[in-house]
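Analysis of the macromolecular model
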Amino acid sequence: MQIGYCPKCNVPVLGKRCELCGREPIPLRFHDLGDIRPISRKERNILLAQISLKEARNYLKNRLILLSKQPGLDYRRDIFVDGYKIGTLEYVKDESWRYRFVPTGKGAALIHALTSHIDFEIREKGHLKGKKIRKKIEGDWNIVRAGNCIGVAIPTETGAKIKDIYCRKVNTKRKTGIKDAIKANLGHMAYIEKKSIEIIKREKPEYVAFSGGKDSEVTLYLAHKAGVKKAIFANTGLEFPETERFVYNFADYLGIELIELQPKKDFWSVVDSFGIPTKDHRWCTKYLKLENLKKFKGTIADGTRKYESVARMGRGRSSTLGNLRVVYPIFNWLSLEVWLYIHMKGLPYNPLYDMGYERIGCYMCPAMLNAEFHNVKRTHPSLYKKWKNYLLKKGFSEEEIEDGLWRWKELPAKMKELGKS
Ligand SMILES: [Zn+2]
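Residues numbered from 1 in each chain as written. Predicted model: local features only at pLDDT ≥ 70, side-chain atom pairs only at ≥ 80, totals over all residues. Heavy atoms only, no water.

1. Digging into the pairing of strand 11 (residues 142–146)
Applicable threshold: The cut-offs for exposure are 20% and 50% of the maximum accessible area for each residue type, with area from a 1.4 Å probe on protein chains only; residues under the lower value are buried, those over the upper are exposed, and the others partly exposed. Only DSSP runs of H or I covering at least 4 residues are called helices, and only runs of E covering at least 2 are called strands; the numbering of each starts at the N terminus. The pairing criterion is simple: DSSP has to find at least two bridges between the two strands.
Counting buried residues along strand 11, four of its five residues qualify, which places the element largely inside the surrounding structure. Here two bridges tie strand 9 (residues 120–121) to strand 11, and the two strands are oriented parallel to one another. If you follow E121 over to strand 11, its bridge partner there is R145. Turn length for the strand 11-strand 12 (residues 149–155) hairpin, with the two strands adjacent in sequence and antiparallel, is two residues, and the turn residue G147 shows positive phi of about 65°.

Below, the structure is given as structure tokens:
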């Protein structure tokens, strides 16, 4: 399995050939294939706000942009446009937390091709990538011309350096969006749909676990097609209001019976005795969600995905939870396939995605990125305040809360450094 790119049609290709022109795609290299996804509305706005040049902003509006996860302290995504990486967007702390975009050399060359803009020129020759230059840079990056090459310069403690350079011509491409990507992959999408429905028909689940996230939504949709009639929503009591509404709306949209479960004792009445949930001590999922499911018997379909390989697709996997057998009909789907499927079928989806949330869960989930927490502050100030007040009561300082340090019981080294700054 790979994600390829058709340079002629300017679309990602999931199968062996581009279904628009029949060409073999160029394979794309990603850090984490399973998590490639289209940029959300909110992230696109964040990206556009980082680029002051109007023609470049216009070029990136409505165009298909793919994001690839990169390891880092917090939110860090490589940005792919027209089949190559144009830069990295990340959430960083200097004076305060903020987003920072830095283009690649090719990204800088694209911006230059669109705008003719350069910030300055250098006369040095030879190997320029990584070279230190004596220059004071305003902002996060500058576009540099060195002979026939276009590079990007970033500030350092002592001056600046050439971060990356690109010495060929960049062609601007026809604007393509998610609809074009769907058209280029219709046969492939029909194939994975068929494989997943086969798993459901074979395993015959009575229920689908429905959290309101995109993966469980697609699982529920496929299960509905295969004749399943019931969904279980294990409400943690810490859901965003959008999620609660969406879960009911979507079940209604399909005409599915929705069984909502509530924890026996709510989170707030047990958090003092269990402790603050952290990445390394996540009692919450088990206590608030899974315990409740154990009283059911039979088979349940779950939207867990863990990309493996196309050869294994359709084989199905399963596990048990109490008396329940759990099956995973979309185990091998990529995030990109889930999104293409949702758009291909014109399905409604949880509005939190467009608001900048990447995964749907509790509003104070310790697995969230700090970028997402700061987003909660803006989109759901009263929920944020409720959790913040609890953390203050437990002895965390304003700054520790701002840095999200409560998310670990044992702070990793990188986060300890952040706490000192
Ligand atoms: Zn093509």
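2. Things to note about unusual backbone geometry
Phi is positive for N62, which is not a glycine, with a value near 60°. We classify N62 as exposed; its relative accessible area is 59%.

3. Some thoughts on helix 1 (residues 41–49)
Here is the rule we go by: In this analysis, two residues are considered to be in contact whenever any of their non-hydrogen atoms come within 4.5 Å of each other.
Here helix 1 has its buried residues at E43, R44, I46, L47 and L48. On the buried face of helix 1, the contacting elements are strand 4 (37–38), helix 2 (54–60), strand 5 (65–69), strand 6 (76–81), strand 7 (84–93) and strand 8 (97–103).

4. Here we look at the coordination of the zinc ion
Stated precisely, the cut-off is as follows: The rule for donors is simple: N, O or S, within 2.8 Å of the metal, or within 3.2 Å if the metal is Na, K or Ca. Water isn't counted, so a site may look like it is missing partners. A four-donor site is called tetrahedral if each angle lies between 85 and 135 degrees; a four-donor site is square planar, and a six-donor site octahedral, when trans pairs exceed 155 degrees and the remaining angles lie between 65 and 115; all other cases are labelled irregular.
Binding of the zinc ion to the protein goes through C6 (SG), C9 (SG), C18 (SG) and C21 (SG), at separations of 2.3 to 2.4 Å. Of note is the zinc ion, whose four donor atoms meet at the metal with angles of 101 to 113° in an arrangement that counts as tetrahedral. We note that the donor set of the zinc ion lies within a single chain, spaced as C-x2-C-x8-C-x2-C. With C9 in the loop between strand 1 (4–6) and strand 2 (11–13) and C21 in the loop between strand 2 and strand 3 (26–27), this pair connects stretches of sequence that are twelve residues apart.

5. What to know about the state of the cysteines
Should the sulfur atoms of two cysteines be covalently bonded, the bond is a disulfide. Our working definition: Any two cysteine sulfur atoms within 2.5 Å of one another count as a disulfide.
In the structure shown here, the tally under the stated rule is one disulfide. Between the sulfur atoms of C149 and its disulfide mate C167 the distance is 2.1 Å. One quick way to see it: the torsion about the S-S bond of C149 and C167 is about 105°, and its sign makes the bridge right-handed. Remark: C167 occurs in the loop between strand 13 (160–166) and helix 4 (178–183) and C149 occurs in strand 12; sequence separation between them is 18 residues. The buried category is assigned to C149, whose relative accessible area is 14%.

6. Description of the sheet that holds strand 5
Cut-off, in case you're wondering: Interaxial angle, 0 to 180 degrees, is taken between N-to-C directions of lines fitted to C-alpha atoms, where a helix line uses only the stretch in contact.
One open sheet holds the five strands; their spatial order is 4-5-6-7-8, and the pairing between them is antiparallel. What marks the edges here is a single partner per strand, and that holds for strand 4 and strand 8. Sheet analysis places strand 5 next to strand 6, joined by five bridges and oriented antiparallel. When the sheet's bridge partners are listed, L66 is paired in strand 6 with F80. Lying over the sheet, helix 1 contacts strand 4, strand 5, strand 6, strand 7 and strand 8, oriented at roughly 95° with respect to strand 5. Packing against the sheet, helix 3 (residues 105–115) makes contact with strand 7 and strand 8, and its axis sits at approximately 105° to strand 7.

7. Digging into the sheet that holds strand 1
Spatially, three strands are ordered 2-1-3 in an open sheet, and the strand pairing comes out antiparallel. Looking at which strands have only one partner, the edges of the open sheet turn out to be strand 2 and strand 3. Summarising the sheet, strand 1 and strand 3 pair through two bridges and their orientation is antiparallel. Along strand 3, the bridge assignment pairs Y5 with I26.

8. Quick look at a positive patch on the surface
The condition that has to hold: By definition, no residue in a patch forms a salt bridge, and every one has over 30% relative accessible area; like charges are joined within 9 Å, nonpolar side chains (Val, Leu, Ile, Met, Phe, Trp, Tyr) within 5 Å. Only the protein chains shown count as cover for residues, and all accessible areas are computed by the Shrake-Rupley method using a 1.4 Å probe. We define a salt bridge as a contact between a side-chain nitrogen of Lys or Arg and a carboxyl oxygen of Asp or Glu at a distance within 4 Å. Charged residues are defined narrowly, with Lys and Arg counted positive, Asp and Glu counted negative, and His plus the chain ends left uncounted. Lys charges are placed at NZ, Arg charges at CZ, Asp charges at CG and Glu charges at CD.
Residues K8, R23, R174, K179 and K183 make up a contiguous surface patch of positive charge. The residue R23 is located in the loop between strand 2 and strand 3 in this model. Given the relative accessible area of 42%, R23 is considered partly exposed.

9. Topic: the packing of aromatic side chains
The condition is simple: For this analysis, a ring pair means two rings from Phe, Tyr or Trp (six-membered ring only for Trp) whose centres lie within 6.5 Å, classed as stacked if their planes differ by under 30 degrees, edge-to-face if by over 60, and tilted for the remaining angles.
Under the criterion given, the structure shown has 28 aromatic pairs. Measuring from centroid to centroid gives 6.1 Å for F101 and W141, while their planes differ by 85°, and the two rings are edge-to-face. Taken as a pair, F101 in strand 8 and W141 in the loop between strand 10 (132–133) and strand 11 lie far apart in primary sequence, 40 residues in all. What makes F101 buried here is its relative accessible area of 0%. What makes W141 buried here is its relative accessible area of 13%. Here the aromatic rings of Y221 and Y341 are separated by 5.9 Å at their centres, their planes lie at 70°, and the arrangement is edge-to-face. Of this pair, Y221 sits in helix 6 (residues 214–225) while Y341 sits in helix 10 (residues 335–344), and the two are 120 residues apart along the sequence. The burial state of Y221 is the same as that of Y341; both residues are buried.

10. A short note on the domain arrangement of the chain
What counts here: What fixes the domain bounds is an automatic or database domain assignment. Buried area: the sum, over both parts, of the accessible surface (1.4 Å probe) that disappears when the two are put together. When residue character is reported, Ala, Val, Leu, Ile, Met, Phe, Trp, Tyr, Cys and Pro are called nonpolar, Asp, Glu, Lys and Arg charged, and the others, Gly included, polar.
For the chain, the assigned domains read domain 1 (4–178) and domain 2 (185–413). The interface is formed by 24 residues belonging to domain 1 together with 29 residues belonging to domain 2. Roughly 2300 Å² is buried in total at the junction of domain 1 and domain 2, and carbon and sulfur atoms are behind 54% of that figure. Among the residues of domain 1 in contact with domain 2, L14, E19 and K42 are the three that bury the most area, contributing 26% of the side total. Across the contact surface, domain 1 and domain 2 share five salt bridges. Across the salt bridge formed by D354 and R41, the nearest N and O atoms sit 3.3 Å from each other. Of all the secondary-structure elements, those providing two or more residues to the side of domain 1 that touches domain 2 are strand 2, strand 4, helix 1, strand 5, strand 7 and strand 8. The class makeup of the residues in the side of domain 1 that touches domain 2 is twelve nonpolar, three polar and nine charged.

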